[in-house]
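Fold and geometry: a report
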Amino acid sequence: SNLSVWNIMKDNNINLSCLMIITILIVMIALLTEAKQPICRLLGRWKTPAFSKDGDIVIGGIFSIDRDYPGTTTDFRNIPENVECKGIHFREFKFAQTMIFAIHEINNNKELLPGVSLGYRIHSVCNTIPASVGAALDLINGQEEGPLSESSCTKPPNVHAIIGQSSSSINIATATTIGPFRVPVISHLATCACLSNRRRFPSFFRTIPSDYYQSRALAQLVKHFGWTWVGAIRSDDDYGNNGMATFVQIAQHEGICVEYSEALSRTDPIEKIRKIIQVITNSTSKIIVAFLAQGEMLVLLQEMILHNVTGLQWVGSESWITASNLANDESYKVLGGAVGFAIDNTVIKGLDDFLLSVHPSNDPENRILKTFWETVFSCTLTEQRAGDSVQRCTGSENLRDVNNPYTDTTEMRIPHNVYKAVYAVAHALHDLFNCQNGQGSVFNTTCPDKMEIEPWQVLHYLKNVNFTTTTGERVSFDENGGPAARYELVNWQLNNKGDTEFVTVGYYDASLPAGQRFTMNNISVVWAGDQDQVPVSVCSESCPPGTRKAVQKGRPVCCFDCVPCAEGEISNQTDSIDCTKCPLEYWSNDQRDQCILKDIEFLSYGEIMGILLAAFALLGTCLAFVTAAVFFRFKDTPIVKANNSELSFLLLFSLTLCFLCSLTFIGQPSDWSCMLRHTAFGITFVLCISCVLGKTIVVLMAFRATLPGSNIMKWFGPTQQRLSVLAFTLVQVLICVLWLILSPPFPYKNTKYYKEKIILECDLGSTVGFCAVLGYIGFLSAMCFLLAFLARKLPDNFNEAKFITFSMLIFCAVWITFIPAYISSPGKFTVAVEIFAILASSFGLLFCIFAPKCYIIILNPDMNTKRHLMGKQPSK
């Protein structure tokens, strides 16, 4: 209309002042018209409470007593109509009656809330979020039109607390909606860990532990029995998804693998349920962790029975593990031996009589009571028409004669939570009414007005309640609005009557230290298939000690191959992830499960090779002594005198030392033996070669002395010979002393050459020192060989230079071949090669130089004459 006026004025060139006047008049007319309507009016109507009772303080309750939801489609063009559900949910009806019982008990208690009566308004709704949220808003607002404030459209609250729904998803929606109004919502069965978020749900409480603890308890249970390969099924809602997510996270941390994880809802098509059944039957895991609400479990169980899926071990959540409506002969074939955690089962005195005293005559107009009675006894309370097949209820039926989830008073776990929730509100109110200014008030110094109590004030006191129920249980809430987490481990067993019984076989207490939370009773557990042995469910068999796990490519970590540990590594535990290397001086045994000391290898006198080498060394020593004895016995004969007897005896002495020094190489190396063997070897051999070199020089000098006018022998007489031997030997002694001072040889455990044993050898210390010792010996040997080679053809019947040349040739050949053999020989064979070189060169000198002389002295004395030696008689 304003736009039309504007266009008209624009077309007729009406000025702006006229436009403003017309606009103001239109606005005033609209305001006057609206003022005739009431400021606040109720939009829509809600059902009346299923059960109600007036009182000074009213507590609300929402229970899904109506069972079957027909399902509706909202087109968002019309106001949704109230949906009428059919049937009755016995368990939810028991919860509602428990709430009524608790309020009656409190009103009759003279010590709790004296002079204050509690009332209740309990709504029966379908198990849907819209219905539950609508009921919660109705409990806060009420159905009355007034009295309302004309300025703010507010009125006093209808209820001061609400005992919430069973479903986690519904409680999430309800608590989110009611949270801004700060009305306490206390649930008896909502376990989703997400509800512990105090920023999102500041007014939510519960009397059942959070799934944060239950999921961890289930993971500990699975680990306790050694199940590492499990299947998982969950409800496709907040309860199942959050609970299973936590379980999988903890299970993976504990080394448990989930073969499959399936989600279902009670409203899913049958094809999806059957697909899940197929996944279960095709799997190899024998354990199923079912984080399911009772409705989903019932749907799945029916299909399991239909397909005869048995022999699986079920691990259940508290939602269904103690559900009596699931326990019957048919379901026991599938669920027999199931284990799971449930809250404590407590007997509430007087509750069973109260529940069984329910009768429609108590409130003839109550729809819920009427439906309940007709459902239980399969009769009708209405007037029968001709042809009706249903019999009429007589009113004399007795609830004690029937057995259903409502009349079953042996399992009162969840009703006890409802009972505690009502008492928690009562104690919060009691503390509020007993508040004294400045003493114990949660409002610092001022107490609230007792005539006008607000829900937010009850909320403040509810956070601090701490009391003991008539059943002896302590009730309080933590900072997240939850109770202390304590569970019973129950097991499905058959009693003597053949009925399913939930037997407590263990406990889980989250308040205890980590290693003490889970305990088992001394009660035998019945497993799937009525077996008394714990079932085995692993993807791969355990790896024994001596092996390690190797994950199979593309499969979970629980599927692995057992690979033997490598040499020098062990694993002394079952299912070891890695093999541990043995310490340096240890080696793995044949089973690869223990480190044992390595065999220490050195050339000892106890082995054949050591005995043979020592025998040859002693043989050479004896031969040197015998030769010396022969020379001493025939020292006055021409052949002994002609060959410089003094150098001969010194040479025999040095050869004896050479034979004996080889013995220092046999036996376990020590600091002294390592230093002695190399220095003794170097000095004795230089002494030996010096003697041979002296004899060679004497031969050359003697030949030069026979020339006319030569007087050379006076420069190389006995004194000069002794000094030359001493000088040559002192050079080697000096080299050895420097070697021992700067970097002496030392015992060394060689673990590099052999992995499985230790070679005990002498480290050279300074390689330069060892090379200097060998190099000096080689230098003297080469010089001796060269001189002897030059003197080999001197005219004489007994030319000693020939034998010296041959002995030096053997000596050099032995030590030249020694070098590559020494380097390539492993372990104790290195020492054996060195001893062999010493003995071979020593025997070469002994035989080549002294054997021909001994032959003449002993076997052919005719040749031991001066004439023969000087070549005065014709040679043959």
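Rules and cut-offs
- Residues numbered from 1 in each chain as written.
- Predicted model: local features only at pLDDT ≥ 70, side-chain atom pairs only at ≥ 80, totals over all residues.
- Heavy atoms only, no water.
- UniProt positions renumbered as here; feature names shortened; annotations may be inferred.
- Helix = DSSP H or I, 4+ residues; strand = E, 2+ residues; numbered from the N terminus.
- Pairing = 2+ DSSP bridges.
- Axes fitted to C-alpha atoms, helices over the stretch in contact; angles between N-to-C directions.
- Contact = heavy atoms within 4.5 Å.
- Parallel < 35°, antiparallel > 145°, perpendicular 65-115°, else oblique.
- Nonpolar A, V, L, I, M, F, W, Y, C, P; charged D, E, K, R; others polar.
- Buried < 20%, exposed > 50% of the residue type's maximum accessible area, 1.4 Å probe, protein only.
- Expected span 1.5 Å × (residues − 1).
- Phe/Tyr/Trp six-rings, centres within 6.5 Å; stacked < 30°, edge-to-face > 60°.
- Lys NZ or Arg CZ within 6 Å of the ring centre and 35° of its normal.
- Polar contact = N/O pair within 3.5 Å; in protein donor to acceptor, adjacent residues only side chain to side chain.
- pLDDT = per-residue confidence, 0-100.
- Disulfide = S-S within 2.5 Å.
- Salt bridge = Lys/Arg side-chain N within 4 Å of Asp/Glu carboxyl O.

Topic: the UniProt feature "transmembrane region" (unreviewed entry) in the protein chain
When the UniProt feature table is mapped to this numbering, "transmembrane region" (unreviewed entry) covers residues 12-32, 608-634, 646-667, 679-703, 723-742, 767-791, 803-823 and 835-858. Counting secondary structure, residues 608-634 comes out at 96% helix and 0% strand; the distance between its end C-alpha atoms is 38 Å. Segment residues 646-667 splits into 73% helix and 0% strand. End C-alpha atoms: 35 Å apart.

Observations concerning the sheet that holds strand β7 (residues 185-187)
As summarised here, the arrangement of the six strands in space is β1-β5-β2-β6-β7-β8, forming an open sheet in which the pairing is mixed. On the outer flanks of this sheet lie β1 (51-53) and β8 (204-206), each paired with one strand and no other. If you compare each strand with its neighbour and ignore which way they point, the axes differ by 25° on average. Where strand β2 (residues 57-63) and strand β6 (residues 161-163) come together, three bridges link them in parallel fashion. Following the sheet pairing, G60 is matched in β6 by I162. On top of the sheet, helix α3 (residues 90-107) reaches β1, β2, β5 (118-124) and β6; it is set at about 175° to β5, its chief contact.

Digging into the packing of helix α13 (residues 413-433) against helix α14 (residues 455-462)
Running from amino to carboxyl end, α13 crosses α14 at an angle of 100°, the nearest separation of the two axes being 8 Å. The pairing of α13 with α14 is recorded here as roughly perpendicular in orientation. Contacts from A424, V425, A428, L429, D431 and L432 of α13 reach α14 at Q457, V458, Y461 and L462. Per-class residue counts for the contact of α13 with α14 are eight nonpolar, one polar and one charged.

A closer look at the side chain of K420
Note that K420 resides in helix α13. In this structure K420 comes out as buried when scored by relative accessible area, which is 6%. Those residues in contact with K420 that sit more than four places away from it in its chain are T207, F467, T469, E473 and V475.

Some remarks on α13
Owing to its 3.6 residues per turn, the α-helix brings residues three or four apart onto one side. When the terminal C-alpha atoms of α13 are compared, their 31 Å separation across 21 residues agrees well with the 30 Å that a helix rising 1.5 Å per residue should span. Burial analysis of α13 places 20 of its 21 residues in the buried class, which makes it a mostly covered element.

Description of the packing of aromatic side chains
Applying the stated criterion across every chain yields a total of 28 aromatic pairs. Between F225 and W527, the aromatic rings sit 4.9 Å apart at their centres with planes inclined by 80°, giving edge-to-face as the arrangement. Note that F225 is positioned in the loop between α6 (211-224) and β9 (229-235) and W527 in the loop between β18 (518-520) and β19 (547-551), a separation of 302 residues in sequence. Note on W527: relative accessible area 3%, which makes it buried. Taking 6.0 Å as the distance between ring centres and 55° as the angle between the ring planes, the aromatic pair formed by F341 and Y487 counts as tilted. Placement of the pair is F341 in strand β13 (residues 339-342) and Y487 in strand β16 (residues 486-494), with a sequence separation of 146 residues. Looking at F341, the relative accessible area reads 0%, which means it is buried. Y487 gets classed as buried once you look at its relative accessible area, which sits at 0%. Through successive ring pairs, a cluster of aromatic residues spans F51, F90, F93, F372 and Y406. Positioned above the aromatic ring of Y212, the side-chain terminus of R216 is 3.7 Å from the ring centre. It is R633 that lies over the ring of F634; its NZ or CZ is 5.0 Å from the centre.

Some points on α6
The end-to-end C-alpha separation of α6 is 19 Å, in line with the 20 Å expected for 14 residues at 1.5 Å each. Among all positions of α6, only D211, Q214, S215, A217, L218, A219, L221 and V222 are buried. Regarding α6, its N-cap is S210, as a side-chain oxygen of that residue lies 3.0 Å from the backbone nitrogen of Y212 further along. Just past α6, the residue G226 takes up positive phi, approximately 75°.

So, the confidence of the model for the protein chain
For the protein chain, per-residue confidence averages 83 on the pLDDT scale, and residues scoring 70 or more make up 85% of the total. By mean pLDDT, the top-scoring element of the protein chain is strand β12 (residues 313-316) (96), and the lowest-scoring one is helix α1 (residues 2-11) (42). When the criterion is pLDDT under 50, residues 1-16 qualifies, and its contacts beyond four places in sequence or with other chains add up to eight contacts. Throughout residues 872-876 the model reports pLDDT below 50, and contacts reaching past four residues in sequence, or to other chains, amount to four contacts.

Side note on unusual backbone geometry
A positive phi angle, close to 55°, is found at N308, a residue other than glycine. With respect to the helices and strands, the residue N308 is situated in the loop between α9 (294-306) and β12. With relative accessibility at 58%, the residue N308 sits in the exposed group.

Observations concerning the state of the cysteines
Counting across every chain of the model gives eight disulfides. Note that C565 is cross-linked by a disulfide to C579, the S-S spacing being 2.0 Å. Taking the torsion about the S-S bond as the criterion, the C565 to C579 disulfide, at about -80°, is left-handed. One end of the pair, C565, is in the loop between β20 (560-564) and β21 (569-570); the other, C579, is in the loop between β21 and β22 (580-581), with 14 residues separating them in the sequence. Summarising the burial analysis for this pair, C565 and C579 share the class buried. Note on cysteine connectivity: C582 is disulfide-linked to C595, with sulfurs 2.0 Å apart. Looking down the S-S bond of the C582 and C595 bridge, the torsion is -90°, so its handedness is left-handed.

What to know about the side chain of N404
Tracing the sequence through the fold places N404 in the loop between α12 (367-377) and α13. Looking at N404, its side chain comes within polar contact range of the main-chain nitrogen of Y406, at 2.9 Å. Only 2.9 Å separates the side chain of N404 from the backbone nitrogen of T407, close enough to count as a polar contact.

A look at the pattern of salt bridges
Within this structure, the stated rule accounts for 13 salt bridges. The partner of D268 in a salt bridge is K272, and the shortest N-O contact between them spans 3.6 Å. Overall, the relative accessible area of 33% leaves K272 in the partly exposed class. In this structure, E411 engages R413 in a salt bridge whose closest nitrogen and oxygen atoms are separated by 2.7 Å. The exposure classification of E411 matches that of R413, with both residues buried.

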